[in-house]
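Overview (structure and organization)
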Amino acid sequence: MSGPSLPLFAAWRQTLRAGYSWKALRGDLSAGLTVGIIAIPLAMALAIAVGVAPQHGLYTVLIAAPLIALCGGSRFNISGPTAAFVVILLPITQQYGLGGLLLCTLMAGVILITLGLLRAGRLIEFVPYPVTLGFTAGIGIVIAVLQIKDLFGLHLAGAPQHLLEQVNLLVRALPSLQPGDTLVGIACLATLLIWPRLAPKIPAHLVALAIGALLALALERLGLPVATLGERFSYQLDGIEHPGIPPFLPSLALPWSLPGADGQPLVLSFELIRQLLAPAFAIAMLGAIESLLCAVVADGMTGSKHDPNAELIGQGLGNLATPFFGGITATAAIARTAANVRAGAFSPLAALVHAGVVLAAILLLAPLFSYLPMAALAALLLMVAWNMSEPHHVVHTLRIAPRSDVLVLLTCLVLTVLFDMVLAVGV
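Reading the values: rules and limits
- Residues numbered from 1 in each chain as written.
- Predicted model: local features only at pLDDT ≥ 70, side-chain atom pairs only at ≥ 80, totals over all residues.
- Heavy atoms only, no water.
- Helix = DSSP H or I, 4+ residues; strand = E, 2+ residues; numbered from the N terminus.
- Buried < 20%, exposed > 50% of the residue type's maximum accessible area, 1.4 Å probe, protein only.
- 1 Å grid on protein atoms, 1.4 Å probe; cavity = no way out; pocket = protein on both sides within 12 Å on 5 of 7 lines; lining within 4 Å.
- Points joined across faces, edges and corners; volume = space filled by probe spheres on them.
- Nonpolar A, V, L, I, M, F, W, Y, C, P; charged D, E, K, R; others polar.
- Pairing = 2+ DSSP bridges.
- Expected span 1.5 Å × (residues − 1).
- pLDDT = per-residue confidence, 0-100.
- Contact = heavy atoms within 4.5 Å.

Some words on the environment of Val 110
Tracing the chain through its elements places Val 110 in helix α4 (residues 86-117). The partly exposed category is assigned to Val 110, whose relative accessible area is 40%. Taking the C-alpha atoms as reference points, Val 110 and Ala 284, 174 residues apart in sequence, are found 8.7 Å from one another.

Here it is in structure tokens:
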């Protein structure tokens, strides 16, 4: 820590104390490249899952990830959009639009910085395991259900507001199932399950997305249409509409000047801030828990020790800045952080390199992303949902844990699935 007031740059100071070498630099470059490749499709898929265009997920990695790495308290954490936030962010987008989502992210950033300055980092460690397991399992179930529409190419009659309504609409939409989307989705799921056993060093999701895109092109020629990212999303340039995502950097814009749910710019007011305060608090609490849990996992893998208060301030600064460039909520991602450690990372430089890879992808590969099938991205998120819900741990806990722990776990899970994360965090 730098002193009693502002524990900034703790991870970098720890890196310098550990001694930086050419070997460490090679490890950081290799890890950053690996995690950057993993982050690109995930960031786009998670942005789509929260109801915004895919480029907003990439902008999140571009802005928030390096800022958090520079200012935070964990040498190994990799930050960006995460699946945990989908259940909080999607209702905000549906009710307040992109502008409301970005304003809420900014408010959550302020809360996270405040938590860090108040030295609340150590308190997060006392959140009981059944609480976090109940949340993550519930979130996994919600994300999985949300992917069924794109996985099978279903056409829903309306926008569901909660999970039971979503399930009802999915059942009614089954006659609209598209064979092309279904074949692509199943092929990608099979690849994601089988590939890690065949060639674990090559990321399975890259192979799955490549197979999905090629299969989609082949099916299109056979007369079986497959929905792609380019058909679903587009951008304007010089008054002309182009498919997919823009191949240029985001511009600076005030979050509240962006459109709300009705397509009109938000009107910044005390009432709007009051309405967004509860979801912003839920975002901050979940972000704090996930980031510090992620740092603990990284510490366990590397034998290092993070500074929890510095990490909260870093996460806060990242979420404070990213909305001004179109980025959505960011937090440390456990799967990407674990991949970062396994790929040989030594310092926060790996997180900066991973953001650089995403920058290169935006500038050089954006037109290719238009060919990604929506069913392939849905399959990718289904695997993320399965992994984060940790079904083995849930079943094990239900079998051996005390009744009080089981009650807490089931309460968190049911509230998250049937109602929303804001209520679940509050309870």
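Additional details are given in the paragraphs that follow.
With respect to empty space enclosed by the protein
Taken as a whole, this structure holds one cavity of 30 Å³ or more when the rule is applied. Size it by volume and the largest cavity reaches roughly 40 Å³. Residue composition of the lining of the largest cavity, by class: seven nonpolar, two polar and no charged.

Brief notes about the pairing of strand β2 (residues 234-237)
Alignment of β2 against strand β3 (residues 240-243), held across four bridges, turns out to be antiparallel. Counted as the bridge partner of Gln 236 is Glu 241 from β3. Counted along the chain from β2 to the antiparallel partner β3, the turn is two residues long, and its residue Asp 238 has a positive phi close to 55°.

As for helix α15 (residues 374-389)
Along its 16 residues, α15 runs 22 Å from first to last C-alpha, staying within 8% of the 22 Å computed at 1.5 Å per residue. Within α15, 13 of the 16 residues are buried, which leaves the element mostly enclosed by the surrounding structure. Positioned one or two residues after α15, Glu 390 has a phi angle of 45°, which is positive.

Topic: the layout of surface pockets
Taken as a whole, the largest pocket holds about 1600 Å³ of empty space. Along its surface, the largest pocket is lined by 50 residues, and Ile 334, Ala 335, Arg 336, Asn 387 and Met 388 are the ones closest to its centre. Listing elements by their share of the lining of the largest pocket, those giving two or more residues are α2 (22-49), α6 (129-152), α8 (179-198), α9 (204-221), α11 (270-302), α13 (334-342) and α15. With seven residues, the single largest contributor to the lining of the largest pocket is α11. In the lining of the largest pocket, the residues fall into 37 nonpolar, seven polar and six charged. Size it by volume and the second largest pocket reaches roughly 530 Å³. Lining of the second largest pocket is provided by 22 residues; of these, Ile 48, Ala 49, Gly 51, Leu 90 and Lys 149 occupy positions nearest its centre. For the lining of the second largest pocket, the secondary structure elements donating two or more residues are α2, α4, α6 and α15. Along the lines of polarity and charge, the residues of the lining of the second largest pocket split into 14 nonpolar, five polar and three charged.

Overview of the confidence of the model for the protein
In this model, the protein carries a mean pLDDT of 91, and residues with pLDDT of at least 70 account for 97%. This stretch, residues 1-5, has a pLDDT under 50; its non-local contacts, to residues over four places away or in other chains, come to 12 contacts.

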